[in-house]
Amino acid sequence: MPRTAIELRIKRQDGPSGPPRWEEFSIPWRAGMNVISCLMEIRKRPVTKQGAKTSPVMWEASCLEEVCGACTMLVNGTPRQSCAALVDGLPEGVITLEPLTRFTVVRDLIVDRSPMFEALKRVRAWIPIDGTYDLGPGPRIAETERELSYAFSRCMTCGCCMEACPQYNGRSEFLGPAPIAQVRLFNAHPTGAMNAHERLEAIMGRGGLVDCGNAQNCVEVCPKEIPLTEAFGELGRQTTVLWLKNLLRR
Amino acid sequence: MAQPRIAVVGGGLAGLMATIRIAEAGVPVDLFSIVPVKRSHSVCAQGGINGAVNVKGEDDSPEIHFYDTVKGGDFLAHQPPARAMCYAAPGIIYLLDRMGVMFNRTAEGFLDFRRFGGTLYNRTAFAGATTGQQMLYALDEQVRRHEAAGLVTKYEQWEYLGMARDGAGRCVGLVALDQRRMTPRAFRADAVMLATGGPGLLFGRTTNSAINSGSATASAYLEGAWYANGEFIQIHPTAIPGEDKLRLMSESARGEGGRVWVPRRKGDPRRPQDIPEAERSYFLEEKYPRYGNLVPRDVASREIHRVCVEEGLGVDGKMMVYLDLTHIPRAELDRKLGGIIEIYEKFTGEDPHTAPMKIFPAVHYSMGGLWVDYERTADGFLDLASPKNHMTNIPGLYAVGECEYQYHGANRLGANSLLSCIYAGQVGGPAAVTWARNQKTAAADVAASVFEESEQRWTRRFAELAQRGGDENAYVLAEELGQSMLENVTIVRHNDRLQATDAKILELAGRWKRAAVLDQSPWANGPLSFLNQLEKMLALARVVTLGALRREESRGSHYKPAAPKRDDARWLRTTIATSSPDGPSFHDEPVDTSLVTPVERKYD
């Protein structure tokens, strides 16, 4: 039976130090609604299901078409972009919204994902170009190679894989799946390959590739179906080769 | 003079490119953005970036690209900057390629190019159908590299509030709001560069991101910056409806062979797959045999309006038409258009491989924006050594990207926006460095009182807003604004309805004074920030609406049935709005058309 009203249960928290609390909302159903449009409805009339006045729920959002990664949250316990969570595609009953748990809560559904961006610095996730002046075309790349790399370059730093990973949490040193997979991307690029060893060294120590427990949860939740575990396999080979080279050089 | 320091506001393509160029010159950058820069609206750009690299043996050239661009803009763009941009385009594509953008390749491993609107050449480089995202990521990576090296300091989740100006009126810094602590803070800067994107939210639901309020630009306008050609708003012909936003279906769908049609019979109840070829009207191909489905966006949107509203042939009786990709092989679709196919499937539940997409026009882009200067050379290019390029009328305040008006005139060609963003950053960044180095007094040496006063002004304002009670809800007011703008200030414009819209905006501005803050928290208070933004949005909405009322002609995206012809004698002019206590006051200035002579714009 189609819904006539949408019931939501939302975990709220005023600031990083908590404490969390739950609030319930009931809003009229309209065709084509997603979780974001429910939150937009709430801010136009911030009143709980019980009729108590409250403040609008805070969430992060930008593109609203699952290419920016901003609006990731737990929808019925699953990490995903709330823009792509269509109400009619969710099971009947109450929709539960919670902030991601592996990051510090800023407020309500907003979390601080800056550790992911910091990790991208650590693994040197960039092509070290000489400069922006005109140096002519870049290297030629086979379309098949390009397709493989494109799959990794679509990573939105959304945090779904980090949330699902049993090895990643606020306290562990593990860099997490997304930043490590970026090493695969840059090492495959003809220019990036020139300093592949720097990136590999960044993931060879503690907190790097060896901390991956191979639970494979990351690929399950990645909204862009990035072949993360394949990257880890490939990087395992690359790090082993580098380790042997370093050993022989000693 | 002390080492200069430059502030860039906005971390989309234009802001990031400017940041890279400034850092490359050895000048430290403070980079402000309301979202982590990787989540900026540039991610939404899909189809590609134009540049006449000429890899398909078509004898394409930057000069033809330039001509297509100014013709596409109905000759309202200043020609030297547009020409300089088109000549720089191949180099820009090569640069992005060197940065690692995963552009699609030909069989031989060269960059591949496809067709786009308003041209007959394969001139658009693309990375699947997520080109903007891929380009943004490449620039984000380069900026991160400069950040790691200590040249760039990011202030993410900080919102631009206003300028700090010295006694002579020079912009010497800015005030920004930490969206968590909710405290305004002044920053010194030898130049401030706005790269804050478009004002889509003025129209409610559009193809724009949730962050595109236009309020930063509007704030600059309210503080004295000129706003140019505000009435030129691009309506993209092909989007899909949504309750929170309208999602774009890239023009590249037509570039790859997608066909637009409606059933010839009004209210045909059959499934589109069951309607035979002869009973379909491919109305763009029929009326424009040369350009077909790839006429410029303003033309296509008007045609959809004509077919659906005037002839009543819209699908389901709505302003909706079919965009058909079903004749294109599945593998090719996935390789070249995967990104949008995925969006369509996810948000509508239907499969564009097997059924035509249902699409409709949506507000997409602002050709207008902050007025910026340029220095031309005798032979009709830009003098890249000049600090004037991309400077607003306020000394030391620069603008790059969609928030400024250069390059596109009255209508932007598809895939020229990624180009103009990068080019503006590439030119604007060094111009700001030159300006900063030429100043006798560094921002660091300007009296502290200048910054204290600016900061206190905003602190007082936010303290006042935080107390605000009342019976109005700012989000409801924004929705009403969007509805009114959408109904009256888009594809077809009538003076009486524009006047009524202005009256509506004034009514909303009155009600804004009674809008409650909704949230008492001193931490991460979004509603407080939005209350401030909304007042600025209302001011900018008047610029767009009254600019449209004033322009008594039809040109590019601006169409008035009561004045259906272009009038070069009177209106080959740039509209310029200046803020006054009574709202916008307008004047206009001539357009540099010294390189090619405006002709009637035809695509048939």
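The model shown is predicted, which means the values in this text are computed figures rather than measured ones.

**A closer look at the overall build of chain B**
What chain B contains, in helices and strands, is 15 helices and 21 strands. For 604 residues, the compact-globule estimate of 2.2 N^0.38 gives 25 Å, and the C-alpha radius of gyration of chain B, at 23 Å, lies within 12% of that figure. Projecting the C-alpha coordinates of chain B onto the three principal axes gives extents of approximately 75 × 60 × 50 Å. Residue pairs at least 24 apart in sequence account for 72% of intrachain contacts in chain B once pairs closer than 6 positions are excluded.

**Some points on the domain arrangement of chain B**
Residues and elements named next belong to chain B. The domain boundaries assigned to chain B delineate domain 1 (1–232 + 367–604) and domain 2 (236–364). The distance between the C-alpha centroids of domain 1 and domain 2 comes to 29 Å. Listed per partner, the contact involves 40 residues of domain 1 and 38 residues of domain 2. Between domain 1 and domain 2, roughly 3100 Å² of surface is buried when both sides are summed, and carbon and sulfur atoms account for 56% of that area. Interface area lost by domain 1 to domain 2 is led by Arg-205, Thr-207 and Tyr-603, which between them contribute 21%. Along the contact surface separating domain 1 from domain 2 lie two salt bridges. Here Arg-601 and Asp-298 are joined by a salt bridge, their closest N and O atoms 2.9 Å apart. The interface formed by domain 1 and domain 2 holds 18 residue pairs in polar contact (both at pLDDT 80 or more) in total. Looking at the side of domain 1 that touches domain 2 residue by residue, the class counts come to 13 nonpolar, 17 polar and 10 charged.

**Here's the deal with the environment of Ala-431 of chain B**
Residues and elements named next belong to chain B. For Ala-431, the location among the structural elements is in helix α10 (residues 417–438). According to the relative accessible area criterion, Ala-431 is buried, its value standing at 0%. Considering only alpha carbons, one finds Ala-431 and Ala-385, 46 residues apart in sequence, at a separation of 6.9 Å. Those residues in contact with Ala-431 that lie beyond four places of it in its chain are Ser-386, Pro-387, Asn-389 and Tyr-398.

**Digging into the packing of aromatic side chains**
Residue and element names in this part refer to chain B. In total, this model carries 14 aromatic pairs over all chains according to the counting rule given. On the basis of an interplanar angle of 40° and a centroid distance of 4.7 Å, the ring pair of Trp-261 and Tyr-322 is categorised as tilted. Highlighted residues: Trp-261 in strand β14 (residues 259–263) and Tyr-322 in strand β16 (residues 321–324), separated in sequence by 61 residues. The exposure class of Trp-261 is buried, given its relative accessible area of 0%. Plain terms: the ring middles of Tyr-291 and Tyr-603 are 4.8 Å apart, the flat faces sit at 90° to each other, and that makes the pair edge-to-face. With Tyr-291 in the loop between α7 (283–287) and α8 (297–310) and Tyr-603 in the segment after β21 (583–590), the pair connects residues that are 312 residues apart, well separated along the chain. Classification of Tyr-291 as buried rests on a relative accessible area of 7%. With a relative accessible area of 3%, Tyr-603 lands in the buried category. These aromatic residues form a ring-pair network of at least three members: Phe-32, Tyr-155, Trp-158 and Phe-187.

**Some details on the sheet that holds strand β13 (residues 247–248) of chain B**
Residue and element names in this part refer to chain B. Here six strands make up an open sheet; going across it, the order is β13-β12-β17-β16-β14-β15 and the pairing antiparallel. What marks the edges here is a single partner per strand, and that holds for β13 and β15 (280–281). Inspection of the sheet shows β16 paired to strand β17 (residues 357–366) by three bridges, in the antiparallel sense. Bridging across to β17, Leu-323 finds its partner in Met-357. On top of the sheet, α8 reaches β12 (233–240), β14, β16 and β17; it is set at about 60° to β12, its chief contact.

**Here we look at the pattern of salt bridges**
Residue and element names in this part refer to chain B. What the rule picks out here adds up to 79 salt bridges over all chains. Between Arg-83 and Glu-63 there is a salt bridge, and its shortest N-O distance comes to 3.2 Å. Taken as a pair, Arg-83 in helix α3 (residues 79–98) and Glu-63 in helix α2 (residues 62–72) lie far apart in primary sequence, 20 residues in all. Overall, the relative accessible area of 14% leaves Arg-83 in the buried class. The class for Glu-63 is partly exposed, based on a relative accessible area of 27%. Here Arg-457 makes a salt bridge to Glu-223, at a shortest N to O gap of 3.4 Å. One end of the pair, Arg-457, is in helix α11 (residues 448–466); the other, Glu-223, is in the loop between α5 (215–222) and β11 (227–228), with 234 residues separating them in the sequence. Three or more residues are tied together by salt bridges with common partners; here these are Asp-74, Glu-231, Asp-298, Arg-302, Arg-551, Glu-553, Arg-555, Arg-566, Asp-568 and Arg-601.

**Notes on helix α1 (residues 13–24) of chain B**
Residue and element names in this part refer to chain B. For α1, spanning 12 residues, the distance from its first C-alpha to its last is 16 Å, which sits close to the expected 16 Å at 1.5 Å a residue. Taken across its 12 residues, α1 has 10 buried, putting it largely inside the fold. Turning to α1, its buried residues number three or more, namely Leu-13, Ala-14, Gly-15, Leu-16, Met-17, Ala-18, Thr-19, Ile-20, Ile-22 and Ala-23. After α1 finishes, the residue Gly-26 shows a positive phi value of roughly 85°.

**Here we look at the interface of chain B and chain A**
The interface of chain B with chain A comprises 66 residues on the first partner and 72 residues on the second. Where chain B abuts chain A, roughly 5900 Å² becomes buried across the two surfaces, and 53% of that area is made up of carbon and sulfur atoms. Counting the surface chain B buries against chain A, the share from its top three residues, Arg-39, Arg-98 and Met-102 of chain B, is 15%. Viewed at the interface, chain A and chain B are joined by 10 salt bridges. For the interface between chain B and chain A, the tally reads 41 residue pairs in polar contact (both at pLDDT 80 or more).

**Thoughts on the domain arrangement of chain A**
Residues and elements named next belong to chain A. Taken domain by domain, chain A consists of domain 1 (5–112) and domain 2 (114–249). Computed over C-alpha atoms only, the centres of domain 1 and domain 2 are separated by 31 Å. Between domain 1 and domain 2, the contact holds 14 residues from the first and 17 residues from the second. Roughly 1200 Å² is buried in total at the junction of domain 1 and domain 2, and carbon and sulfur atoms are behind 53% of that figure. Of all residues in domain 1, Pro-79, Arg-102 and Phe-103 give up the largest surface area on contact with domain 2, accounting jointly for 49% of the area buried on that side. Seen at the junction of domain 1 and domain 2, the total is one salt bridge.

Cut-offs used in this document
Residues numbered from 1 in each chain as written. Chains lettered and ligands numbered in written order. Predicted model: local features only at pLDDT ≥ 70, side-chain atom pairs only at ≥ 80, totals over all residues. Heavy atoms only, no water. Helix = DSSP H or I, 4+ residues; strand = E, 2+ residues; numbered from the N terminus. Rg over C-alpha atoms; globule rule 2.2 N^0.38 Å. Contact = heavy atoms within 4.5 Å. Domains from an automatic or database assignment. Buried area = accessible area lost by both parts, 1.4 Å probe. Salt bridge = Lys/Arg side-chain N within 4 Å of Asp/Glu carboxyl O. Polar contact = N/O pair within 3.5 Å; in protein donor to acceptor, adjacent residues only side chain to side chain. Nonpolar A, V, L, I, M, F, W, Y, C, P; charged D, E, K, R; others polar. Buried < 20%, exposed > 50% of the residue type's maximum accessible area, 1.4 Å probe, protein only. Phe/Tyr/Trp six-rings, centres within 6.5 Å; stacked < 30°, edge-to-face > 60°. Pairing = 2+ DSSP bridges. Axes fitted to C-alpha atoms, helices over the stretch in contact; angles between N-to-C directions. Expected span 1.5 Å × (residues − 1).

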